[in-house]
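# Structure at a glance
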Amino acid sequence: MSYQVIARKYRPAKFSDITAQGHVTRTIQNSLRMGRVGHGYIFSGLRGVGKTTAARIFAKALNCQKLMDDPEYLQQVTEPCGECESCRDFDSGISLNISEFDAASNNSVDDIRTLRENVRYGPQKGKYRVYIIDEVHMLSIAAFNAFLKTLEEPPPHAIFIFATTELHKIPATISSRCQRFNFKRIPLEDIQKQLQSVCDAEHITVEGDALQLIGRKAQGSMRDAQSILDQVIAFSAENDHEGAISYQGVADLLNYIDDDTMFDVTDAVVAQNPAKMLDVAQFVIKNGYDEQDFLEKLVEHLRNFLVVQNLSSTRLVERPDAVRERYQRDAGNFSPFAVMQMVDFIMQTQKELKFQFEYQFRFELALLKLIDIVHSVSAEAAGVTPPQKKKRLTSH
Ligand SMILES: Nc1ncnc2c1ncn2[C@@H]1O[C@H](COP(=O)(O)OP(=O)(O)OP(=O)(O)O)[C@@H](O)[C@H]1O
Ligand SMILES: [Mg+2]
Ligand SMILES: [Zn+2]
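Cut-offs used in this document
Residues numbered from 1 in each chain as written. Chains lettered and ligands numbered in written order. Predicted model: local features only at pLDDT ≥ 70, side-chain atom pairs only at ≥ 80, totals over all residues. Axes fitted to C-alpha atoms, helices over the stretch in contact; angles between N-to-C directions. Helix = DSSP H or I, 4+ residues; strand = E, 2+ residues; numbered from the N terminus. Parallel < 35°, antiparallel > 145°, perpendicular 65-115°, else oblique. Left-handed = near helix turned anticlockwise from the far one by under 90°. Contact = placed C-beta atoms within 7 Å. Nonpolar A, V, L, I, M, F, W, Y, C, P; charged D, E, K, R; others polar. Near = placed C-beta within 6 Å. Domains from an automatic or database assignment.

### Considering the packing of helix α14 (residues 259–270) against helix α15 (residues 274–286)
One can describe the packing of α14 onto α15 by two numbers: an axis separation of 8 Å at closest approach and a directional angle of 155°. Taken together, α14 and α15 sit at an angle that is classed as roughly antiparallel. In the packing of α14 onto α15, the handedness of the crossing is left-handed. On the side of α14, the interface is formed by T261, D264, V265 and A268, while α15 contributes K276, M277, V280 and F283. Counted by class, the contact of α14 with α15 contains five nonpolar, one polar and two charged residues.

Put into structure tokens, the structure is as follows:
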């Protein structure tokens, strides 16, 4: 049996299957309905959020015979039909009306000349040829310039879609000639839903919280989420005869530092308990977690406190309910100012750790120092000097 990775197997085939990019798909569908299609587009945004996918569906729609022949279908459905000859050619990857060009590996002026030559020829079938130019920010300035003329006077059948993760690297001479669409990071909830529907379709049982863990790791990229899910499925099949996906299984696979450990840090601060803090530091070091990663998570943990303190609600905290309740409960242990102080200090530490030896030792010290920061803040607020014992902790 040939195995297809999830990201490809579940690649959306219609505009309406694209998650979280409604602002883009709606505009494109409107332009199709009104027959006002431009010649240059820039699709920008994070990796794996649907840029190439949207470009392909757009190309398919532009050449769909049903959309061309049936005005009512065009107005009311505005999706590639998936059944006409052109759509079938697209689906089986043999359509000549779409060319994908990877600017990361073909970025010389010569490459652009070849592309320009190619653009002169119209489509044999259908109406438009769509050129998707991926990673367009990798083109050299000379290559961009060689392209400008084509973009100024494109043949009527040619449509260019420039995809990039780094919009700021595209010269204004190019971007001002294009319609720009900014693809969003995909919200955790939407990623979770999408993963759930993949699991349903694949008949895989899964704990909801496990998918949230995967989604969080993916940080807004659907492709990343789906790749992690592939890995998790393989891992679970090996370790559990049922092949079910558990929260713990995912946490193990991702070598995930769980929320409890983060609360251990803030608990140690509240209790002014350096021994407990050292235990946490040792736990991180012994388990081979990356210290920078840990500090990154710690900043996110503190950010959750700030959110709860400022909104008096946990609605922006992306965690399972039990964990949200804990944030709600613990938020009163610190003033927002003290939390900010800790965040500042950790961010500073992250920078410094990059340049230091005795890495683990510094990491331990930094965690210990958090206790001191918070308690000198609250002591100052109360108009008292911090007691001698705590002072010792900062004297390194
Ligand atoms: N918005 C989305 N809705 C549904 N699935 C998506 C979405 N974005 C990405 N995917 C999934 O991720 C896969 C990769 O997406 P795509 O190739 O469109 O990403 P991209 O934005 O072009 O990324 P890159 O910058 O890395 O080229 C798709 O095959 C699809 O399965
Ligand atoms: Mg792409
Ligand atoms: Zn069609």
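Structure shown, so let's carry the discussion forward.
### Describing the packing of helix α10 (residues 188–201) against helix α11 (residues 208–218)
Interaxial distance between α10 and α11 falls to 9 Å at its minimum, and their mutual angle equals 125°. Taken together, the axis directions place α10 and α11 in an arrangement best described as oblique. Between α10 and α11 the crossing geometry is right-handed. For the pair formed by α10 and α11, the contact residues are L188, I191, Q192, L195 and Q196 on the first element and L211, Q212, I214, G215, R216 and A218 on the second. Classifying every residue of the contact of α10 with α11 gives six nonpolar, four polar and one charged.

### Quick look at the site of ligand 1
Around ligand 1, 24 residues are found, and the nearest of them are R11, G50, K51, T52 and T53. Sorting the residues of the shell around ligand 1 by element identifies α1 (6–9), α3 (51–63) and α12 (222–239) as the ones contributing at least two each. Looking at the shell around ligand 1 residue by residue, the classes come out as nine nonpolar, nine polar and six charged. In this structure, the shell around ligand 1 is formed jointly by two domains, domain 1 (6–182) and domain 2 (188–253), each of which donates at least three residues.

### So, the domain arrangement of the protein
Domain annotation of the protein identifies domain 1 (6–182), domain 2 (188–253) and domain 3 (259–394). When each unit is reduced to the centre of its C-alpha atoms, the spacing between domain 1 and domain 3 is 47 Å.

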